[in-house]
Amino acid sequence: MIYEVAELYIKSDAHEAFQAAVHQAIPVFKAAKGCISMRLDRDIEVPDTYHLVVGWETLDNHIVDFRGSEGFVTWRGLVGGYFAQPPKVEHFNTVVNGF
């Protein structure tokens, strides 16, 4: 499994609407090929910053299957208007599983 971590920068006046839009997108992620988990975390020190953390079976499930899907179009349509700047997206493997 890999994790997509998308750092999202949201307009200061749009937090409630953005969070509601992400909630609406949960079924989009649930239906995506290879999607295992999804959560949204808000930065405490920099409250206009969020991390969308999505677990995928493979990297291709994210960058090929999801990004090339109608689900991605739906996702961006729901949340894209709240972005203050383009997201930063990186992928991670777990190398130490503590507790």
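Structure: above.
A few points on the structure. Fair warning: this is a prediction, and the values are worked out from it, not measured in the lab.

### Things to note about the nonpolar core
Next up, step 1: One finds Leu8, Phe18, Phe29, Trp56 and Trp75 to be the most contacted residues of the largest nonpolar core, which totals 21 residues.
Next up, step 2: Contributions of two or more residues to this core are made by strand S1 (2–10), helix H1 (15–31), strand S3 (49–56) and helix H3 (70–79).
Next up, step 3: Ranked by the residues each element gives to this core, the list is headed by H1, at 6 residues.
Next up, step 4: Excluding residues that lie within four positions of it along the chain, leucine 8 makes contacts with Phe18, Leu40, Asp48, Thr49, Tyr50, Leu52, Phe83 and Pro87.

### A look at the packing of aromatic side chains
Next up, step 1: Across all of its chains, the model carries 6 aromatic pairs by this definition.
Next up, step 2: On the numbers, 6.4 Å between centres and 70 degrees between planes, the contact of phenylalanine 18 with tyrosine 82 is edge-to-face. Of this pair, phenylalanine 18 sits in helix H1 while tyrosine 82 sits in the loop between H3 and strand S4 (83–92), and the two are 64 residues apart along the sequence.
Next up, step 3: For tyrosine 82, a relative accessible area of 24% puts it in the partly exposed group.
Next up, step 4: With 5.8 Å between their ring centres and 85 degrees between their planes, phenylalanine 66 and phenylalanine 72 make a pair best called edge-to-face.
Next up, step 5: Looking at phenylalanine 72, the relative accessible area reads 21%, which means it is partly exposed.
Next up, step 6: Here the aromatic residues Phe29, Trp56, Phe66, Phe72 and Trp75 are joined through ring pairs into a cluster of three or more.

### A look at the layout of surface pockets
Next up, step 1: Quantified by volume, the largest pocket comes out at close to 160 Å³.
Next up, step 2: As for the largest pocket, its lining consists of 14 residues, and the residues nearest its centre are Glu4, Phe72, Trp75, Arg76 and Val89.
Next up, step 3: Counting residues per element, the ones that place at least two in the lining of the largest pocket are S1, helix H2 (59–66), H3 and S4.
Next up, step 4: Classifying every residue of the lining of the largest pocket by side-chain character gives 10 nonpolar, 1 polar and 3 charged.

Rules used throughout
Residues numbered from 1 in each chain as written. Predicted model: local features only at pLDDT ≥ 70, side-chain atom pairs only at ≥ 80, totals over all residues. Heavy atoms only, no water. Core = buried A, V, L, I, M, F, W, Y, C linked by side-chain atoms within 4.5 Å. Buried < 20%, exposed > 50% of the residue type's maximum accessible area, 1.4 Å probe, protein only. Helix = DSSP H or I, 4+ residues; strand = E, 2+ residues; numbered from the N terminus. Contact = heavy atoms within 4.5 Å. Phe/Tyr/Trp six-rings, centres within 6.5 Å; stacked < 30°, edge-to-face > 60°. 1 Å grid on protein atoms, 1.4 Å probe; cavity = no way out; pocket = protein on both sides within 12 Å on 5 of 7 lines; lining within 4 Å. Points joined across faces, edges and corners; volume = space filled by probe spheres on them. Nonpolar A, V, L, I, M, F, W, Y, C, P; charged D, E, K, R; others polar.

Function-wise, these values are silent; they only describe arrangement.
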